[in-house]
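# Architecture at a glance
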Amino acid sequence: MNICFYTSDNPSAANQLNINHLVQNRPDHNYSFLNIRSTPEPQMTMMDKLRRKYSELKYNDGRFDFERDLIELKTRLATHIATIDKKNFRQGYAGAVNDELSIQFLTEVQPDIIIQCGAGIMKPCTFGLAKQGTINLHHGIMPEVRGIESTFWCLFYGIKDKIGVSCHFIDENLDTGAVIAQSYLNTKATSFTDIQTENYLMGRDVLVKSIEILNKGGYTIKSLGEIPSCYFGNVNPFLYYALKKRNFAPLMKISDKAFRMKEKKYLEF
């Protein structure tokens with residue numbers, strides 16, 4: 001199978017975890033990488049670091065807790081990232097997601113599957129270039145829980161049973177494509193970092209399973225009809241701090257959250 005990772009030239013630890021795990025465990029596929037060039041973050045001077053430290057000491061009100069825990073999460077994931085040599089695979093570069101260079105590279109590579117690995121929101125002009133489809137690994141049970149930082153919001157609204165991973169086809173909406181494989185996280189962990197670490201590690205196996213399903217073929221897309229779906233955005237650091245102070249016990253009920261009806265589609269064999 002011809003698989004193209006649509007990613008960044010500086011992918012997140014979670015995306016590196018998924019990419020490297022798939023390549024290491026399924027080396028029989030033909031892989032290529034389409035890398036979106038990222039803007040290097042400016043290096044902090046010593047004065048910048050001192051100012052940052054002063055702010056953390058002066059404003060000891062929880063505003064830095066979420067950032068610190070994300071750094072801890074990144075450190076944990078780094079110990080699980082398999083080593084691969086990207087030089088062994090065809091590389092392409094583009095300036096932005098969906099741009100002409102992206103379309104040119106994908107047209108040349110002719111992938112069976114495109115895996116969206118942090119490149120950005122894809123449009124039909126790019127995700128439509130995969131012969132079988134373009135897929136995404138969403139760290140949440142979808143379409144019930146859509147958007148970003150799903151684990152936090154599940155804890156915030158008391159729907160821990162909706163924490164999990166969904167690998168799905170990309171369509172023109174966000175997190176609404178047909179689910180290829182989906183796993184719920186059964187954990188005794190209570191903190192965000194512990195739960196999210198387990199969820200990310202489970203996700204890499206869900207991706208491998210999804211590729212195996214697509215490689216085997218012989219499926220049809222079915223519908224379970226429309227179900228309530230909530231969309232979540234960025235985490236407010238003060239909300240995170242408040243949740244952490246409660247040992248991640250819910251702050252609100254999911255019944256207080258606005259929702260829309262979305263169709264749940266899945267693969268049947």
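Located above this text is the structure these notes cover.
Conventions we followed
Residues numbered from 1 in each chain as written. Predicted model: local features only at pLDDT ≥ 70, side-chain atom pairs only at ≥ 80, totals over all residues. Heavy atoms only, no water. Axes fitted to C-alpha atoms, helices over the stretch in contact; angles between N-to-C directions. Helix = DSSP H or I, 4+ residues; strand = E, 2+ residues; numbered from the N terminus. Left-handed = near helix turned anticlockwise from the far one by under 90°. Contact = heavy atoms within 4.5 Å. Nonpolar A, V, L, I, M, F, W, Y, C, P; charged D, E, K, R; others polar. Salt bridge = Lys/Arg side-chain N within 4 Å of Asp/Glu carboxyl O. Buried < 20%, exposed > 50% of the residue type's maximum accessible area, 1.4 Å probe, protein only.

## With respect to the packing of helix 3 (residues 65–78) against helix 7 (residues 192–216)
Axis separation between helix 3 and helix 7 bottoms out at 10 Å; the angle between their running directions is 35 degrees. Crossing of helix 3 against helix 7: the hand is right-handed. Contacts between helix 3 and helix 7 involve Phe66, Asp69, Leu70, Leu73, Arg76 and Leu77 from the former and Phe192, Thr193, Asp194, Gln196, Thr197 and Tyr200 from the latter. Of the residues in the contact of helix 3 with helix 7, the class split is six nonpolar, three polar and three charged.

## Describing the pattern of salt bridges
This structure, assessed with the given rule, holds ten salt bridges. Here Asp65 makes a salt bridge to Lys244, at a shortest N to O gap of 3.6 Å. Taken together, the residues Asp65 in helix 3 and Lys244 in helix 8 (residues 237–245) connect sequence positions 179 residues apart. On the basis of relative accessibility, which here comes to 15%, the residue Asp65 falls in the buried class. Among the residues examined, Lys244 registers a relative accessible area of 29% and is labelled partly exposed. For Asp69, the salt bridge identified is with Lys244, shortest N-O distance 3.1 Å. Taken together, the residues Asp69 in helix 3 and Lys244 in helix 8 connect sequence positions 175 residues apart. One network of salt bridges, with partners in common, ties together Asp65, Arg68, Asp69 and Lys244.

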